[in-house]
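# Results of the structural survey
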Amino acid sequence: MEEIDRRIVTLLAADGRMSFTDLAKETGLSVSAVHQRVRRLEKRGVLRGYAALIDYDEIGLPLTAFVSIKPIDPAAADDAPDRLRHLTAIESCHSVAGDESYILKVRVSSPLGLEDLLNQIRAAANVSTRTTVVLSTPYDYRPPAIAP
């Protein structure tokens, strides 16, 4: 990836709503050149989309937790992500190395909501769980350090 494209990706990672005009000022390119580069980065799949950052406390989902799961039967099919896809409280699902198979990031309204979600996860995917509750998040959504 060219240095100028890395700069555009870094700027958009920090502010996905940055205008083409502002991107042009920051990169020293013309607005049309920035527009072409952004479209090319989108087409290549480097830029996969743009999203709003949510204040989860404000929408009633103040409790964040990481739930590690592993199958009760190790010989069972590895289909937990498909079995859990319908649970909208699961924000992300990561396949991991180690004792567990996946780590889920979940957001719920309360400890009771977490308990209910854990029961749903166990029942839907036939897995055991290990949960870590997030106390605070000093930083999140940091732009990546894009290697040359």
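Attention here is on the structure that accompanies the text. These figures come from a predicted structure and were not determined experimentally.

Here is what the cut-offs are and how they apply
- Residues numbered from 1 in each chain as written.
- Predicted model: local features only at pLDDT ≥ 70, side-chain atom pairs only at ≥ 80, totals over all residues.
- Heavy atoms only, no water.
- Helix = DSSP H or I, 4+ residues; strand = E, 2+ residues; numbered from the N terminus.
- Expected span 1.5 Å × (residues − 1).
- Buried < 20%, exposed > 50% of the residue type's maximum accessible area, 1.4 Å probe, protein only.
- Arc of directions from axis to C-beta.
- Contact = heavy atoms within 4.5 Å.
- Salt bridge = Lys/Arg side-chain N within 4 Å of Asp/Glu carboxyl O.

### Some words on helix 3 (residues 31-44)
- In this model helix 3 runs 20 Å from its N-terminal to its C-terminal C-alpha over 14 residues, within 8% of the 20 Å that 1.5 Å per residue would give.
- Within the sequence span of helix 3, burial applies to A33, V34, R37, V38 and L41. Seen end-on, helix 3 carries its buried residues on one side only, within an arc spanning 135°. Of the residues in helix 3, the exposed ones pointing more than 90 degrees away from the buried face are Q36 and K43.
- Those residues of helix 3 that are buried lie in contact with helix 1 (3-14) and helix 2 (20-27).
- One or two steps after helix 3, the chain reaches G45, where phi turns positive at roughly 85°.

### Points about the pattern of salt bridges
- A full pass over the atoms with the stated rule returns 11 salt bridges.
- Put simply, R6 and E3 hold a salt bridge, and the shortest N to O gap is 3.0 Å. Taken together, the residues R6 and E3, both in helix 1 and three residues apart, mark about one turn of the helix.
- The class for E3 is exposed, based on a relative accessible area of 53%.
- As a salt-bridge pair, E42 and R39 come within 2.6 Å of each other at their nearest N and O atoms. A residue pair is termed a helical-turn pair when its members lie 3 or 4 positions apart in one helix, as E42 and R39 do in helix 3 at three residues.
- Residue class for E42 comes out partly exposed when judged on its relative accessible area of 25%.
- Since its relative accessible area comes to 39%, R39 is described here as partly exposed.
- Here the salt bridges do not stand alone but share partners, grouping E91, K105, R107 and D140 into one network.

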